[in-house]
Amino acid sequence: MAVSLILATIGRTQEVARLVDSLLAQTDRRFDLIVVDQNPDDRLAPYIRMAQEGGLDVRHERMARPGLSAARNRGIMLAKHNIIAFPDDDCWYENTVIERVIRTFHERRIDGLVALWVEQAGNQTTQPYTLELAAWRKFRGGNASSISLFLDRTRFQALGGFDERLGVGGWYGAAEETDFVLRALAHGARLEHTPDIRVHHAYNEQPVGDLCVVCAQARRRGRGTGAIYAKHKLDTYVILRGLIAPVLTALPKCLQPRWLIRGLFTSIGRLEGYVRWRMTE
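Being a predicted model, the structure only gives us computed values, none of them experimental. (Residues numbered from 1 in each chain as written. Predicted model: local features only at pLDDT ≥ 70, side-chain atom pairs only at ≥ 80, totals over all residues. Heavy atoms only, no water.)

Look at helix α9 (residues 211-231) against helix α11 (residues 257-280): their axes get within 6 Å of each other, and the N-to-C directions meet at 40°. Classified by chirality, the crossing of α11 by α9 is right-handed. The residue makeup of the contact of α9 with α11, split by class, is 12 nonpolar, six polar and eight charged. (Axes fitted to C-alpha atoms, helices over the stretch in contact; angles between N-to-C directions. Helix = DSSP H or I, 4+ residues; strand = E, 2+ residues; numbered from the N terminus. Left-handed = near helix turned anticlockwise from the far one by under 90°. Nonpolar A, V, L, I, M, F, W, Y, C, P; charged D, E, K, R; others polar.)

Before going further, it helps to spend a moment on the packing of helix α1 (residues 14-24) against helix α2 (residues 45-53). Between α1 and α2, the least distance of the axes is 9 Å, while the angle of their chain directions is 5°. Looking at the two axes, α1 sits roughly parallel to α2. Every residue of α2 that contacts α1 at Gln14, Val16, Ala17, Val20, Asp21 and Leu24 is listed here: Tyr47, Met50 and Ala51. (Parallel < 35°, antiparallel > 145°, perpendicular 65-115°, else oblique. Contact = heavy atoms within 4.5 Å.)

The next point concerns the environment of glycine 161. Inspection of the secondary structure puts glycine 161 in the loop between α7 (153-158) and α8 (176-186). By relative accessible area, which is 6% here, glycine 161 ends up buried. Once residues within four sequence positions are removed from consideration, glycine 161 is found in contact with Asn73, Phe156, Phe180 and Arg183. (Buried < 20%, exposed > 50% of the residue type's maximum accessible area, 1.4 Å probe, protein only.)

Another point: the packing of aromatic side chains. In this structure the tally under the stated criterion is nine aromatic pairs. The rings of Phe86, Phe156, Phe162 and Phe180 are connected pair by pair, giving a single aromatic cluster. Arginine 262 extends its terminal NZ or CZ atom over the ring of tryptophan 259, reaching a point 5.0 Å from the ring centre. (Phe/Tyr/Trp six-rings, centres within 6.5 Å; stacked < 30°, edge-to-face > 60°. Lys NZ or Arg CZ within 6 Å of the ring centre and 35° of its normal.)

Once that is clear, we can look at the pattern of salt bridges. Under the criterion given, the structure shown has 24 salt bridges. With a shortest N-O distance of 2.7 Å, aspartate 89 and arginine 12 are connected by a salt bridge. A residue pair is termed long-range when its members are at least 10 positions apart, and aspartate 89 in the loop between β4 (83-85) and β5 (91-93) and arginine 12 in the loop between β1 (3-9) and α1 qualify at 77 residues. On the basis of relative accessible area, aspartate 89 is assigned to the buried category, the value being 5%. In this structure, the salt-bridge partner of arginine 165 is aspartate 163, at a minimum N-O distance of 2.7 Å. On the basis of relative accessible area, arginine 165 is assigned to the partly exposed category, the value being 36%. Members of the salt-bridge network, linked through shared partners, are Asp163, Arg165, Asp179, Arg183, Lys231 and Glu281. (Salt bridge = Lys/Arg side-chain N within 4 Å of Asp/Glu carboxyl O.)

A few words now on the state of the cysteines. One pass over the full model with this rule turns up zero disulfides. The closest cysteine sulfur to the non-disulfide-bonded cysteine 212 is located on cysteine 215, 6.8 Å from its own sulfur. Classification of cysteine 212 by relative accessible area gives exposed; the value is 62%. (Disulfide = S-S within 2.5 Å.)

We now examine α11. Spanning 24 residues, α11 covers 34 Å between terminal C-alpha atoms, matching the ideal 34 Å at 1.5 Å per step. All of the buried residues in α11 are Trp259, Gly263, Thr266, Ser267, Gly269, Arg270, Gly273 and Trp277. Against the buried residues of α11 lie α9 and α10 (236-250). (Expected span 1.5 Å × (residues − 1).)

What follows deals with the environment of tryptophan 277. With respect to the helices, strands and loops of the structure, tryptophan 277 is situated in helix α11. Along the backbone, tryptophan 277 and arginine 223 are 54 residues apart, and their C-alpha atoms lie at a distance of 9.3 Å. Apart from the residues lying within four places of it in its own chain, the contact partners of tryptophan 277 are Asp163, Arg165, Leu166, Tyr172, Ala227, Ala230 and Lys231.

Here the focus is empty space enclosed by the protein. The final tally for this structure, using the stated rule, is two cavities of 30 Å³ or more. What the largest cavity holds in volume is close to 60 Å³. Leu7, Val16, Val20, Leu33, Val35, Leu44, Tyr47, Ile48, Ala51 and Val58 together form the lining of the largest cavity. If you list the elements that add at least two residues to the lining of the largest cavity, you get α1, β2 (31-37) and α2. The dominant element in the lining of the largest cavity, judged by the number of residues it contributes, is α2, at three residues. Within the lining of the largest cavity, the residues separate by chemical class into 10 nonpolar, no polar and no charged. By volume, the second largest cavity amounts to about 40 Å³. Asp111, Leu151, Asp152, Arg155, Phe156, Phe180, Ala184, Ala189 and Leu191 are the residues that line the second largest cavity. Contributions of two or more residues to the lining of the second largest cavity are made by β8 (149-152), α7 and α8. (1 Å grid on protein atoms, 1.4 Å probe; cavity = no way out; pocket = protein on both sides within 12 Å on 5 of 7 lines; lining within 4 Å. Points joined across faces, edges and corners; volume = space filled by probe spheres on them.)

These values are about where atoms sit, not about what they do.
Put into structure tokens, the structure is as follows:
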């Protein structure tokens, strides 16, 4: 039993070094790293060499057309091991992650596990739980970001991988992992949240930077969520709640208008994604 890590990357450099450092520090080396490189240059060469010189099993695959879901699906086709994972280029693992993932898969009859995204969890006390379809269809029942997913490769491929219409680089610019989890649970997959396996990710929920860029990003990501509403035929009240929630949750921060503006563009994106998916997909 071993893990294939699929790293779809574009634009970043130093962040990749931090991820590689965390992989070199793993207490269990039963993993390989598949780098799906969407950059037009050789900026990753020093970090790939760093990983190889540190003894990691690395495969470097180039991909000309950027797209997160397509890149990850390509990486899965190259995976050698029976567990797959999807670290982002700006995340990093605590040094027992691989060891604990392999042990958990060995000891428990599961199709996948959801690690703890440390920064997202904050100071909350998080207990283990099994993901449930009914709760997920209400956008309840816990978080499962792609960086925290460790999945049985055979089961994942049987479900068709990531929907390449969804995710960063596409018009529906997010929610590919939510779509996958919903499909997996609908097909009876057993996914467990395992908080003693800890993944870190550069995370800042503040709407910082150029406001036009912040709003454009919120709108693109919102389209992905709206697509989920339509694709999975979620209940009307769940959809309505999702359309108004970004604005309502920003109201307590009304003295910081950037929050409210970003929330408005998130709602616009969700509505756009829902309508377009219903009409065209």
